[in-house]
Amino acid sequence: MRPIFTPELVNGPFGDPCLVLDFKFEGRALLFDLGDIAALAPRKILRLTDVFVSHAHMDHFVGFDRLLRVCLGRDTAVRLYGPPGFIERVAHKLSAYSWNLVHNYPTDFTLVVHELDGERLHAARFRCHARFAREPLPERAAPGGLLLDEDAFRVRAAALDHDITCLAFAFEEKTHVNVWKNRLAEMGLPTGPWLNELKRAVMQGAPDDAPQRAWWRDRDGLHERIFPLGELKARVLELVPGEKLCYATDVLYSAENERRLAALAADADQLYIECVFLEKDAGHAARKFHLTARQAGRIARAARARQVVPFHFSPRYAEREAELRAELEQARGG
Ligand SMILES: [Zn+2]
């Protein structure tokens, strides 16, 4: 089934950066950046399976304690992802507390923490029953910054320069293959494992004239009918393209950052991008390694993003939000 997700900036455009992707029908959510999450209801925090942290500046990571507080004592696991040095930071956060009693808890809340180092992903585990001591996990390859690859979607990261390394993230749904069950019935074909074989052939791009086997077992034994793949595709399948969402914040405006970010966000359906300052304060923005609204607009344009959602506005523009948005839109279109 198509995962239907709703993105929401937990603290609005002025507060700590936090974007939650809630897959309501699957009881699951992803979080991009872990700033203050007091506004996120505990039942939503408990849905988080994967949390992506761009970097460890406080406004992006201070919500770690809240996450831990809500999840501790639960029979759950959360995966975290961050830039180089991230595992060590999580270990330090955890070592700030006394854990003398938690090994007796009936549940074993577990954090699995990853850090992206070039195209390698280092990992470690911290378990409640092990008093949150660091347990090394095998590292693996992360080609193109690939952090998570599931049947329904993948998440990739790009390393950007924010004086320190800062990660931007792309969430990409894969193409969905839906089966019209009524049309199957009209063709006299039952459902069964052969449909997975059919879907796989389509996802792997097999040619339309490739023979595809429909098979099933009943009291009379094994039945099979062979069709050209293209015929099954046309008659019983529906291909739905997936959506792409990109999250980018805390970026110095440089040619290299623009190139990397535009590549990561290429053709995104939704681009969440920081617009911290107005262009007239570009000198200040550069000193703080942040984007102006105009620079963000240029990057969005280079990426051909369809919808752009600005955030991480500096509080100095509390009364001038419209100017930030207008500057972004102008740079996108003009
Ligand atoms: Zn920030």
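The following refers to the structure shown. Note that this is a predicted model, so its numbers are computed, not measured.

Describing the environment of Ala56
Relative to the helices and strands, Ala56 is located in the loop between strand E4 (48-52) and helix H2 (58-61). When the C-alpha positions of Ala56 and Lys233 are compared, they lie 47 Å apart, and in sequence the two are 177 residues distant. Dropping the residues within four chain positions of it, Ala56 is found in contact with Phe61 and Arg89.

Focus: the pairing of strand E3 (residues 28-32)
For E3, the tally of buried residues reaches 5 of 5 residues, placing the bulk of the element in the interior. Side chains Arg28, Leu30 and Phe32 of E3 all project onto a buried face; the interleaved residues Ala29 and Leu31 project onto the opposite face, where all are buried too. Alignment of strand E2 (residues 19-23) against E3, held across 5 bridges, turns out to be antiparallel. In the sheet register, Leu21 faces E3, and the bridge partner there is Leu30. One ladder, built from 4 bridges, connects E3 with E4; its direction is parallel.

Details of the sheet that holds E2
Taken in spatial order, the 8 strands of this open sheet run E1-E2-E3-E4-E5-E6-E7-E8, and their pairing is mixed. Whereas interior strands pair on both sides, the edge strands pair on one side only; in this sheet they are strand E1 (6-9) and strand E8 (134-141). Strand after strand, the sheet turns through a mean of 20° between neighbouring axes, direction not considered. Lying over the sheet, helix H3 (residues 64-71) contacts E4, strand E5 (77-82) and strand E6 (110-117), oriented at roughly 165° with respect to E5. Sheet strands in contact with helix H4 (residues 86-95) are E5, E6, strand E7 (120-127) and E8, and its direction is about 150° off that of E6.

Brief notes about unusual backbone geometry
The phi angle at Arg131 is positive, at roughly 55°, despite the residue not being glycine. Locating Arg131 in the fold gives a position in the loop between E7 and E8. Unlike most non-glycine residues, Asp250 shows phi in positive territory, near 60°. Mapped onto the elements, Asp250 comes out in the loop between strand E16 (244-248) and helix H8 (255-264).

Digging into the side chain of Ser314
Tracing the chain through its elements places Ser314 in the loop between strand E18 (307-311) and helix H11 (321-333). Judged by relative accessible area, Ser314 falls into the buried class, the value being 9%. Discounting chain neighbours no more than four positions away, the residues touching Ser314 are Phe14, Val276 and Phe277.

Here we look at the nonpolar core
The tendency in soluble globular proteins is for nonpolar side chains to be buried side by side. Counting 33 residues, the largest nonpolar core has Leu34, Leu80 and Leu111 as its most contacted members. Where this core is concerned, the elements lending two or more residues are E3, E4, H3, E5, H4, E6 and E7. Among the elements that make up this core, the one with the highest residue count is H3 (5 residues). Setting aside residues up to four positions removed in sequence, Leu80 forms contacts with Leu34, Val51, Phe64, Leu67, Phe86, Val90, Leu111, Val112, Val113 and His114. Among the nonpolar cores identified, the runner-up in size contains 31 residues, and Ala168, Cys246, Val251 and Ala293 belong to it.

Some remarks on the pattern of salt bridges
One pass over the structure, following the stated rule, counts 26 salt bridges. The partner of Arg127 in a salt bridge is Glu135, and the shortest N-O contact between them spans 3.0 Å. By relative accessible area, Arg127 is classed as partly exposed at 22%. Glu135 sits in the buried class, given a relative accessible area of 18%. Taking the shortest distance from any N to any O, the salt bridge between Arg213 and Glu224 comes out at 2.7 Å. Taken as a pair, Arg213 in strand E13 (residues 211-218) and Glu224 in strand E14 (residues 221-228) lie far apart in primary sequence, 11 residues in all.

Here we look at the coordination of the zinc ion
Looking at the zinc ion, one finds its protein donor set to be Asp59 (OD), His60 (NE2), Asp250 (OD) and His312 (NE2), positioned 2.1 to 2.7 Å from the metal centre. Around the zinc ion sit 4 donor atoms, and with donor-metal-donor angles ranging over 83 to 161° the site reads as irregular. Expressed as a motif, the donor residue spacing for the zinc ion is D-H-x189-D-x61-H. Within this pair, whereas Asp59 is found in helix H2, its partner His312 is found in the loop between E18 and H11, the two being separated by 253 residues in sequence. By relative accessible area, His312 is classed as buried at 11%.

Basis of the calculations
- Residues numbered from 1 in each chain as written.
- Predicted model: local features only at pLDDT ≥ 70, side-chain atom pairs only at ≥ 80, totals over all residues.
- Heavy atoms only, no water.
- Helix = DSSP H or I, 4+ residues; strand = E, 2+ residues; numbered from the N terminus.
- Contact = heavy atoms within 4.5 Å.
- Buried < 20%, exposed > 50% of the residue type's maximum accessible area, 1.4 Å probe, protein only.
- Pairing = 2+ DSSP bridges.
- Axes fitted to C-alpha atoms, helices over the stretch in contact; angles between N-to-C directions.
- Core = buried A, V, L, I, M, F, W, Y, C linked by side-chain atoms within 4.5 Å.
- Salt bridge = Lys/Arg side-chain N within 4 Å of Asp/Glu carboxyl O.
- Donors = N, O, S within 2.8 Å, 3.2 Å for Na, K, Ca; no water.
- Tetrahedral: all angles 85-135°; square planar, octahedral: opposite > 155°, others 65-115°.

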